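Survey of secondary and tertiary structure
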Amino acid sequence: MAPPAVSDEEVELRLGKLLQIGVLAAAALVLAGGVGYLVEYGATPTRHTLFVGEPENLTTVGGIVASALALHARGLIQLGLLLLIATPVARVGFSLLAFLRQRDRTYVAITAFVLILLLASIVGLTP
Amino acid sequence: MCKRTREFRVSTLAFTILVALGSFVAGLLGSLTGLGGGVVIVPLLTLVFGVDFRYAVGASLVSVIATSSGAAAAYVREGFTNIRIGMLLEVATTVGALIGAYLAGLVSSSVLSVVFGLVLLYSAFASSRPRPEHVVAVKDPLAARLRLDGSYPTPEGEKEYHVQRVPLGFGLMLGAGTLSGLLGIGSGAVKVLAMDQAMCLPFKVSTTTSNFMIGVTAAASAGIYLARGYIDPGIAMPVMLGVLAGALVGTRILTHAHPRVLRIVFALVIVALGLEMIYNGAAGRL
């Protein structure tokens, strides 16, 4: 086994910073959408006690992106939340690249399996 | 199933501010005590604000990802995360999270509430016990084949550790993942049990590796919750921002030691919420 080109710690440190940027960007989107949401709905009464589910434009990746691009407040919040959910997924993706570079086949397979499960859950392929 | 315990009728603005404040306190206490704030978000939303259980779990999952990913860089700088252990166990927690999210669609809110209460009681119990360290000097063949062993810096120099009982740790992690997907929590207490007790990792390695895994586990079930319409932007927004702000302030105030008195107070709050969740679930009021 050849020695790793990039140390695990170095990879992790870069990934940690990437995650922090992802979280801050997500928080900024949620905050911007939140302000718009309160301007739009702030005075109306709450209705969270009853479960009604969300409309399709807030549950699919395509619907959320379209809604956010149209600058709908709820769509912007949801895009921020989607970005937040994507940060750990990106972390797994970068770990996969690191294991590929280290030619560590066992962990390439393990990491690819985790990544596929995560992507499948986000695009709604899981039951 | 949709019976309401409490009417909580205020304007959306007041609701948002109150939920954000409650989430801020939860994030602050969770970070100051090291017990995690995610565990009190669902009781706060369901018991106090009368939010539907599914919406509460969806919002809680989002806040768990925010605190875990937000703290990742700080943990990595300490340099003890074992990425191989984390990735191997993520197979178990991710599969578990998908099972949990699937079950959450089948089980009634009353049952979920009782299970949640029991997990809260266990978390409080586990946090009150001393955490003995079991670093072992014997190599385990499976752990060696998976190259899980590592070393970490101590005042006496680099110290090696050998991972034990990989299958038991993996099985416990499957359970931790299932609870995470079912209840929207990080399942820190079960993860620590698996890594400290079963796999004999040093604390500094198990704590950081656990944080590294929590975000990925929560993302797996959050994806399903989002696709099912269980993540409502109006509820998740103040929860995510509040918990994140609380956790950031908490880590600024102190970095290592967790004040004992605060831990005890927070553990008692968790016990009270756990009993209330069990009572409400058993009475069919959620």
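Anyway, here's the lowdown on the structure attached to this text. Predicted, not measured: the structure shown is a model, and the values here were computed from it.

Next up on the list: the overall build of chain A. On a plain count of helices and strands, chain A comes out with four helices and zero strands. When the helices and strands of chain A are listed from N to C terminus, the series reads α-α-α-α. Each of the 127 residues in chain A was classed as buried or not, and the buried ones make up 41%. The long-range share in chain A, meaning contacts at least 24 apart out of those at least 6 apart in sequence, stands at 58%.

This part takes up the packing of helix α8 (residues 188–198) of chain B against helix α9 (residues 203–227) of chain B. All names here are of chain B. Between α8 and α9, whose axes approach to 10 Å, the crossing angle comes to 135°. Classed by the angle they form, the pair α8 and α9 counts as oblique. For the crossing formed where α8 meets α9, the hand is right-handed. Judged by residue contacts, Gly188, Lys191, Val192, Met195 and Asp196 of α8 engage Phe203, Ser206, Thr209, Ser210, Met213 and Ile214 from α9. Across the contact of α8 with α9, the residue classes tally to five nonpolar, four polar and two charged.

With that settled, consider helix α11 (residues 260–282) of chain B. In this model, α11 of chain B (23 residues) spans 33 Å end to end at C-alpha, consistent with the 33 Å of a helix rising 1.5 Å per residue. On its buried side, α11 of chain B packs onto α1 (12–33), α2 (38–48) and α5 (109–128) of chain B.

Let's shift gears to the interface of chain B and chain A. Counting residues at the interface gives 58 residues for chain B, matched by 55 residues for chain A. Contributions of two or more residues to the side of chain B that touches chain A are made by α1, α3 (53–78), α4 (83–104), α9 and α10 (233–253) of chain B. Here the residues of the side of chain B that touches chain A are counted per class, giving 36 nonpolar, 13 polar and nine charged.

Turning our eyes to something else, we now look at the packing of helix α4 (residues 105–122) of chain A against α9 of chain B. The contact between α4 of chain A and α9 of chain B brings their axes to 7 Å, and the two run at 25°. Relative to α9 of chain B, the element α4 of chain A lies roughly parallel. The handedness of the crossing between α4 of chain A and α9 of chain B is left-handed. Where α4 of chain A approaches α9 of chain B, its residues Leu117, Leu118, Ser121 and Ile122 of chain A are matched on the opposing element by Ala219, Ala220, Gly223 and Ile224 of chain B. Split into classes, the residues belonging to the contact of α4 of chain A with α9 of chain B amount to six nonpolar, two polar and no charged.

Here we come to the nonpolar core. If you look at the biggest cluster of nonpolar residues, it comprises 125 residues, and the most contacted ones within it are Ile85 of chain A together with Val62, Ile65 and Met240 of chain B. In contact with Ile65 of chain B, other than residues within four places in its own chain, are Leu84, Ile85 and Pro88 of chain A together with Gly215, Ala218, Ala219 and Ala222 of chain B.

For the rest of this paragraph, the subject is α9 of chain B. All names here are of chain B. Taking 1.5 Å as the rise per residue, α9 with 25 residues should run 36 Å; its terminal C-alpha atoms sit 36 Å apart, in good agreement. Here α9 lies mainly inside the structure; 23 of its 25 residues are buried. Positioned one or two residues after α9, Gly229 has a phi angle of 80°, which is positive.

Procedures and definitions
Residues numbered from 1 in each chain as written. Chains lettered and ligands numbered in written order. Predicted model: local features only at pLDDT ≥ 70, side-chain atom pairs only at ≥ 80, totals over all residues. Helix = DSSP H or I, 4+ residues; strand = E, 2+ residues; numbered from the N terminus. Buried ≥ 20, exposed ≤ 12 C-beta atoms within 10 Å, placed from the backbone. Contact = placed C-beta atoms within 7 Å. Axes fitted to C-alpha atoms, helices over the stretch in contact; angles between N-to-C directions. Parallel < 35°, antiparallel > 145°, perpendicular 65-115°, else oblique. Left-handed = near helix turned anticlockwise from the far one by under 90°. Nonpolar A, V, L, I, M, F, W, Y, C, P; charged D, E, K, R; others polar. Expected span 1.5 Å × (residues − 1). Core = buried A, V, L, I, M, F, W, Y, C linked by C-beta atoms within 7 Å.

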